[in-house]
Amino acid sequence: MTSRSHARTIARVLADAFVTGHWQLDALVDRGGRVLGRRPRWLRPLARRVLKSISDARPPARQVVKFLLNDAGFLRGVARGHVSLADQSWPSAVMSPAPGPPTDWKVPQLVDLPAVARWLGVELTALDWFADCRGLAARHASGPLGHYVYRWQAKRSGSSRLIESPKRRLKAIQRRLLHDLLDVIPPHDAAHGFRAGRSVTTFVAPHVG
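Everything numeric here is computed off the predicted structure, so don't read it as measured data.

Visitor: Outline the overall build of the protein, listing residues and values.
Guide: Looking only at helices and strands, the protein features 10 helices and two strands. For the protein, the C-alpha radius of gyration of 24 Å lies well beyond 17 Å, the compact-globule estimate for 209 residues. Here the C-alpha coordinates of the protein stretch approximately 75 × 55 × 30 Å along the principal axes. Per-residue burial over the protein gives 27% buried out of 209 residues. When contacts within the protein are restricted to residue pairs at least 6 apart in sequence, long-range pairs at least 24 apart make up 50% of them. Surface summary for the protein: the accessible area is close to 14,400 Å², and the carbon and sulfur share equals 55%. Of note, the protein has its 33 positive side-chain charges centred 5 Å away from the centre of its 15 negative side-chain charges.

Pasting the structure below:
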């Protein structure tokens with residue numbers, strides 16, 4: 001394995017470990033040390049640079065990989081420190097809610113795609129299909145590959161509106177997401193659309209005068 005490919009492998013595994021849990025210095029160092037089997041001297045300064053550069057508490061692993069592969073300290077550490085990956089169990093993923101009210105939301109523990117699939121009661125391949133990751137819906141709007149039924153409905157004005165109805169399985173998933181996830185998360189007080197007791201009147205009231 002070339003030095004560059006070795007660094008890329010270490011970067012991918014380290015990035016996955018970094019984004020698995022809490023986005024804090026000690027937590028990053030702990031998870032990084034577990035996958036490396038030890039804590040090299042450059043690990044904590046590296047974690048500190050990562051936190052300084054990437055402020056998002058839930059960055060995608062690919063963003064962290066890109067940073068690592070452009071970080072001189074990481075590349076020197078990998079090249080000089082005989083870094084390898086530890087042969088041990090992967091640290092379990094944990095929820096990392098934003099500070100404040102989100103810490104009290106009673107939402108399910110959905111830490112990765114397998115957890116989402118299990119919660120919805122579908123296989124991973126089915127989850128990918130329902131999410132339409134391959135963009136099949138754009139090419140096959142109707143038929144067995146489509147998830148919606150389309151029909152035109154006449155309006156009193158004489159015009160028509162397009163009704164897009166999800167099929168049975170997708171509708172069940174959408175209802176699960178709505179009632180067991182979205183309904184648990186309180187909307188911001190500034191939101192007035194689609195809320196009981198709220199209307200255009202309540203929206204404009206603070207601006208009157």
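Visitor: Give a detailed account of helix α6 (residues 113–120), specifying residues and quantitative values.
Guide: For α6, the complete set of buried residues consists of Ala 115, Ala 117, Trp 119 and Leu 120. For α6, the elements touching its buried residues are α7 (124–131) and α9 (168–180). Where α6 starts, the residue carrying a side-chain oxygen 2.9 Å from the main-chain nitrogen of Ala 115 turns out to be Asp 112. Just downstream of α6, Gly 121 is the residue with a positive phi angle, here 75°.

Visitor: Describe in detail the nonpolar core, supporting the description with residues and values.
Guide: By size, the foremost hydrophobic cluster in this structure holds 26 residues, and its most contacted members are Leu 14, Phe 18, Leu 36, Leu 46, Val 50, Leu 68 and Phe 74. Contributing elements (two or more residues each) for this core: α1 (3–19), α2 (25–36), α3 (43–53), α4 (61–69) and α5 (72–80). Not counting chain neighbours up to four residues away, the residues in contact with Val 50 comprise Phe 18, Trp 23, Leu 28, Phe 67 and Leu 68.

Visitor: Report on the confidence of the model for the protein, specifying residues and quantitative values.
Guide: Reading fine detail from the predicted coordinates is not recommended where pLDDT is low. When the pLDDT values of the protein are averaged, the result is 86; 94% of them are 70 or greater. No element of the protein has a lower mean pLDDT than helix α8 (residues 136–139), at 73, and none a higher one than α3, at 95.

Visitor: How would you sum up unusual backbone geometry? Please name residues and give values.
Guide: For Phe 194, which is not glycine, the phi torsion reads 55° and is therefore positive. Mapped onto the secondary structure, Phe 194 falls in the loop between α9 and α10 (200–204). A residue is classified by how much of its surface remains accessible, and Phe 194, at 93% relative accessible area, is exposed.

Visitor: Please provide a residue-by-residue account of the packing of aromatic side chains, values included.
Guide: In this structure the tally under the stated criterion is three aromatic pairs. When the centroid spacing of 6.0 Å and the interplanar angle of 80° are considered together, the rings of Trp 42 and Phe 74 count as edge-to-face. Here Phe 74 lies in helix α5 and Trp 42 lies in the loop between α2 and α3, a separation of 32 residues in the sequence. As far as burial versus exposure is concerned, Trp 42 and Phe 74 are alike and both buried.

About the cut-offs
- In this numbering scheme, every chain counts its residues from 1 along its sequence in written order.
- Restriction of local features to residues with pLDDT of at least 70 applies here, the model being predicted, together with a cutoff of 80 or more for giving and counting side-chain atom pairs; totals for whole chains, interfaces and linings are based on all residues.
- Side-chain numbers come from the whole structure's heavy atoms, not from hydrogens or water.
- Segments assigned H or I by DSSP are reported as helices when at least four residues long, segments assigned E as strands when at least two residues long, and all are numbered from the N terminus.
- Here the radius of gyration uses the C-alpha set of atoms, whereas the globule reference equals 2.2 Å times the residue count to the power 0.38.
- Under the scheme applied here, a residue whose accessible area is under 20% of the maximum for its type counts as buried, over 50% as exposed, and between as partly exposed, the area being computed with a 1.4 Å probe on protein chains only.
- Should any heavy atoms of two residues lie within 4.5 Å, those residues are counted as being in contact.
- In these tables, accessible area is a Shrake-Rupley quantity obtained with a 1.4 Å probe, and a residue counts as shielded only by the protein chains included in the view.
- For the purpose of charge, His is not counted, nor are the chain termini; Lys and Arg are scored as positive and Asp and Glu as negative.
- All charge positions are set by atom: Lys at NZ, Arg at CZ, Asp at CG, Glu at CD.
- Polar contact is defined as a pair of N or O atoms within 3.5 Å, subject to the rule that within protein one atom must be able to donate a hydrogen and the other to accept it, and that residues adjacent in sequence are counted only when both atoms are side-chain atoms.
- Nonpolar cores are built from buried Ala, Val, Leu, Ile, Met, Phe, Trp, Tyr and Cys residues. Side-chain atoms within 4.5 Å join them into one set.
- On a range of 0 to 100, pLDDT expresses the predictor's confidence in each residue.
- Only the six-membered ring of Trp is used, alongside the rings of Phe and Tyr, when aromatic pairs are assigned; centres must lie within 6.5 Å, and planes under 30 degrees apart are stacked while those over 60 apart are edge-to-face, with the rest tilted.

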